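Read off the chains here:
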Amino acid sequence: MVMLGKDLLGIHDLTPDQISLVLDTALSMKEVSAREIKKVPTLRGKTVINLFYEPSTRTRTSFELAGKRLSADVINISAGSSSVVKGETLEDTGRNLQAMNPDLIVLRHASAGAPQLLAKMLPSSIINAGDGAHEHPTQALLDAFTIRERKQTLQGLTVVIAGDITHSRVARSNIDLLLKMGATVRVCGPRTMVPLYIEKMGVTFVPRLEEAIEGADVIMMLRIQMERQRGSLFPSIREYSRFFGLNREKLKHARDDVLIMHPGPVNRGVEISPELLDSPYTIILDQVTNGVAIRMALMYLLIGK
Amino acid sequence: MALLIRNGRVIDPASSTDEVLDLLVDDGTIREIGKDIVAGEGAVADEIDASGLVVAPGLIDIHTHLREPGEEYKETIQTGSLAAAAGGFTSIACMANTKPVNDNAAVTKFIVETAAREACVNVLPVAAITKGLKGEHLAEIGELKETGAVALSDDGKTIASAQVMRLGLEYAKTFSMPVMCHCQDEELSAGGVMNEGIPSTYLGMRGIPPLSEEIIVARDIAISEWVGHPVHIAHVSTAGSVRILREAKARGVRVTAETAPHYFTLTDEAVAGFSTSTKMYPPLRSREDVEAIKEGLRDGTLDVIASDHAPHSTLEKEVEFDKAAFGIIGLETSLALSLELVRDSVLTLSQLLGKMTIQPARVLGLDKGSLRAGADADITIIDPEFEYTVEAHSLQSKSKNTPFLGRQLKGRAVYTIVGGKAAFSLNP
Ligand SMILES: [Zn+2]
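Residues numbered from 1 in each chain as written. Chains lettered and ligands numbered in written order. Predicted model: local features only at pLDDT ≥ 70, side-chain atom pairs only at ≥ 80, totals over all residues. Heavy atoms only, no water.

(A) Representation of the coordination of the zinc ion in the model. All names here are of chain B. Protein coordination at the zinc ion: the donors are Asp155 (OD), His182 (ND1) and His235 (NE2), at 1.9 to 2.2 Å from the metal. Here the donor residues of the zinc ion share one chain and are spaced in sequence as D-x26-H-x52-H. Placement of His182 in the loop between strand E10 (179-181) and strand E11 (194-195) and of His235 in the loop between strand E13 (231-233) and helix H7 (239-250) is noted, with a sequence separation of 53 residues between them. Owing to a relative accessible area of 6%, His182 belongs among the buried residues under this scheme. Accessibility expressed as a relative area gives 3% for His235, which makes it buried. (Donors = N, O, S within 2.8 Å, 3.2 Å for Na, K, Ca; no water. Helix = DSSP H or I, 4+ residues; strand = E, 2+ residues; numbered from the N terminus. Buried < 20%, exposed > 50% of the residue type's maximum accessible area, 1.4 Å probe, protein only.)

(B) View of a nonpolar patch on the surface. A cluster of nonpolar side chains, A:Leu196, A:Tyr197, B:Ile198 and B:Tyr202, forms an exposed patch at the surface whose accessible area comes to about 350 Å². Judged by its relative accessible area of 55%, A:Leu196 is exposed. (Patch = residues over 30% accessible without salt bridge, like charges linked within 9 Å, V, L, I, M, F, W, Y side chains within 5 Å. Areas by Shrake-Rupley, 256 points an atom, 1.4 Å probe, with all protein chains shown as cover. Salt bridge = Lys/Arg side-chain N within 4 Å of Asp/Glu carboxyl O.)

(C) Representation of the packing of helix H1 (residues 16-34) of chain A against helix H11 (residues 284-303) of chain A. Residues and elements named next belong to chain A. Between H1 and H11, the least distance of the axes is 7 Å, while the angle of their chain directions is 115 degrees. Where H1 crosses over H11, the two elements pack in a sense that is right-handed. Between H1, through Leu21, Val22, Leu23, Thr25, Ala26, Met29, Lys30, Val32 and Ser33, and H11, the contact on the second element is made entirely by Thr289, Asn290, Val292, Ala293, Ile294, Met296, Ala297, Leu298, Tyr300 and Leu301. The residue inventory of the contact of H1 with H11, partitioned by class, reads 14 nonpolar, four polar and one charged. (Axes fitted to C-alpha atoms, helices over the stretch in contact; angles between N-to-C directions. Left-handed = near helix turned anticlockwise from the far one by under 90°. Contact = heavy atoms within 4.5 Å. Nonpolar A, V, L, I, M, F, W, Y, C, P; charged D, E, K, R; others polar.)

(D) Structural detail: the domain arrangement of chain B. Residues and elements named next belong to chain B. Taken domain by domain, chain B comprises domain 1 (2-55 + 375-425) and domain 2 (58-364). Its C-alpha centre places domain 1 at a distance of 26 Å from the equivalent point of domain 2. At the interface, 34 residues of domain 1 touch 47 residues of domain 2. Both sides of the domain 1 and domain 2 interface together cover about 3,100 Å² of buried area, and 64% of this is carbon and sulfur. Its largest share of buried area at the contact with domain 2, domain 1 owes to Lys398, Asn401 and Phe404, together 21% of the area lost on that side. Here domain 1 is connected to domain 2 by zero salt bridges. The interface formed by domain 1 and domain 2 includes 18 residue pairs in polar contact (both at pLDDT 80 or more). Residue assignment for the side of domain 1 that touches domain 2 shows that the elements contributing at least two residues are strand E1 (2-12), strand E16 (379-389), strand E17 (408-418) and strand E18 (421-425). Among the elements that make up the side of domain 1 that touches domain 2, the one with the highest residue count is E17 (eight residues). (Domains from an automatic or database assignment. Buried area = accessible area lost by both parts, 1.4 Å probe. Polar contact = N/O pair within 3.5 Å; in protein donor to acceptor, adjacent residues only side chain to side chain.)

(E) Region of interest: the sheet that holds strand E1 (residues 47-52) of chain A. Residues and elements named next belong to chain A. With parallel pairing, four strands are arranged side by side in an open sheet as E2-E1-E3-E4. Bordering the open sheet on either side are strand E2 (73-78) and strand E4 (125-131), each of which pairs with just one other strand. When strand polarity is set aside, the average angle formed by the axes of neighbouring strands in this sheet is 15 degrees. In terms of strand pairing, E1 meets E2 through six bridges, oriented parallel. In the strand pairing of E2, Ile49 is matched with Ile75. The strands touched by helix H2 (residues 57-69) are E1, E2, strand E3 (104-109) and E4; relative to E1, the strand with the most contacts, the crossing angle is about 180 degrees. (Pairing = 2+ DSSP bridges.)

(F) Just the environment of B:Gly296, in detail. Within the element layout of this structure, B:Gly296 appears in helix H9 (residues 287-298). Taking the C-alpha atoms as reference points, B:Gly296 and B:Ala239, 57 residues apart in sequence, are found 8.6 Å from one another.

(G) Just the pairing of E18(B), in detail. All names here are of chain B. Bridge count between E17 and E18: four bridges; the pairing is antiparallel. Residue pairing in the sheet places Tyr415 in a bridge with Ser425 of E18. The hairpin formed by E17 and E18 contains two residues between the paired strands, and Gly419 there has a positive phi angle of roughly 55 degrees.

Structure below.
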């Protein structure tokens with residue numbers, strides 16, 4: 001029987017069967033979210049701690065809602081506001097939290113590998129909610145779920161990931177997952193934002209967006225960090241959006257039934273033109289809805305038995 | 001009191017000696033080397049039967065960090081010297097990045113005096129080229145040399161300004177001081193925590209490109225040629241650096257270079273588990289780089305193997321990878337890891353020992369590193385077949401930050417003799 005391990009640290013550790021298990025489980029969780037009473041007693045008596053070292057209202061809320069819909073007790077700790085975390089090492093914080101005997105810790109941290117460090121130390125399950133530019137596995141799973149909802153399968157699809165690949169944990173987890181599930185992946189962006197060895201991951205690098213989306217089934221636009229401009233990774237927002245932003249004109253190169261996705265929050269008019277944002281191609285809100293279902297599925301699979 | 005070392009395989013790379021001989025030591029000096037030495041009645045207090053063992057000049061490590069003064073919780077001159085002796089080293093050169101920096105005679109004097117009192121091996125201070133390792137103003141190099149500094153290096157940092165580097169080399173030349181270069185363009189490597197390569201692409205961690213090393217290796221060789229004073233390139237880690245050095249040597253440039261055992265033993269794939277014991281500067285590189293380092297050792301482009309022993313406590317190492325300090329300890333694993341090169345037919349045993357004895361001695365201009373009558377009795381006796389597992393509790397170093405914990409090693413020093421006295425013996 002297919003099962004998950006103690007933790008969910010990254011897509012890297014998952015087999016295609018485990019990925020399918022999560023996606024299938026999320027289907028029934030989504031059904032719970034559609035009910036009038038959006039709550040089941042599955043995780044009653046279990047404690048989930050959201051430990052966020054980086055601000056992220058949207059991901060934290062999604063985990064919080066997921067836990068609550070499964071009747072878990074959910075506690076939020078964010079590094080900025082909490083004395084549990086201030087000045088403490090991650091190790092010490094982990095030990096302190098362990099003393100509260102949580103069943104699951106959801107960790108968002110700026111350092112790659114921080115969830116691995118915590119997972120090695122603590123008996124509780126750990127879910128990686130984003131570690132540096134390394135992995136963001138729940139985002140990749142919810143993206144896969146959303147694509148599968150529309151296209152039935154990931155197998156054989158051509159998916160373009162465009163933007164700042166170098167600094168994107170979303171890109172890394174998605175590349176890994178999509179390749180494992182039989183999709184073809186192209187990455188696109190200025191060379192300054194695409195790692196030199198990206199093709200060794202099994203993707204194709206196509207620098208110009210028009211060419212990259214030729215015949216694409218799915219286009220994932222990544223959020224651009226405005227502060228990267230200072231590091232000269234790109235010359236100006238204006239030039240970035242002109243060459244690497246998606247608009248109706250460029251979209252002609254993609255398939256007619258192309259899906260446009262974005263992990264959010266979107267810089268309106270930078271990565272995606274306003275007209276496309278409000279078009280039926282764009283399924284960003286589905287991603288948000290499905291995020292809760294995926295996180296419920298993971299909580300259930302990790303600590304529900 | 002005399003010491004007679006009998007029937008060992010005496011390997012002295014400096015004189016191309018490799019045969020079974022006896023060696024007589026007295027009064028801190030090698031008296032005689034030959035077959036079947038007969039010492040006068042009652043003159044020999046001690047005898048070592050070295051049958052089946054290798055008798056080599058005492059190993060010399062030209063690149064260590066001893067952390068005293070300032071960070072004695074990581075390592076002291078005493079504990080560092082114990083680690084050195086256990087690893088077969090009779091002389092170690094210690095870098096200037098202590099707290100305070102060894103950029104003035106008072107610190108050099110402190111190191112020399114502490115070592116004389118507490119160290120069981122020869123400790124040779126390397127002083128800073130610039131004050132505070134800031135790359136701006138020259139340290140008082142004349143006085144540093146007078147006080148006992150054997151070489152100069154801003155190790156840990158690169159002198160970013162080519163002009164300051166030129167002046168530093170010119171001033172060092174005035175006092176005939178060897179200069180060792182830590183090569184890292186700090187803009188190209190800014191924020192980097194591991195090699196820029198395939199693993200860093202997967203791990204999403206900021207890479208340190210080989211380019212950041214190579215551009216400074218090339219620059220420092222160019223400045224060295226211009227000034228007419230040789231440089232020694234520290235911890236070479238990339239194929240590109242090896243190529244640049246090889247080309248320079250072929251042109252007759254007087255440049256020497258070292259690498260460290262981890263650069264020919266591990267690749268950047270070792271970082272995948274986020275173990276901070278795989279984090280050092282320069283970082284572990286790719287498989288191709290590892291092969292190029294071995295080729296550089298084989299063809300003589302790389303003259304010296306140094307440990308770059310860099311102790312850190314759990315405070316600096318049991319943290320997130322990107323927040324961890326750079327550096328690993330190496331004094332107690334260098335010899336065994338290097339002996340792998342002999343088993344892999346990269347080097348002969350004599351070539352390997354040359355890179356750990358006479359060649360580092362020449363870089364520093366030391367009258368050490370060879371076995372001949374009249375030389376200092378710094379001798380390392382090695383059992384190349386001795387097998388053991390690296391375990392934290394058996395390491396002499398105060399710090400245990402090594403990626404080789406748990407590794408099965410083959411070959412180790414069984415006696416380390418400094419000035420005729422045993423600084424270490426495996427079975428005391
Ligand atoms: Zn260095």
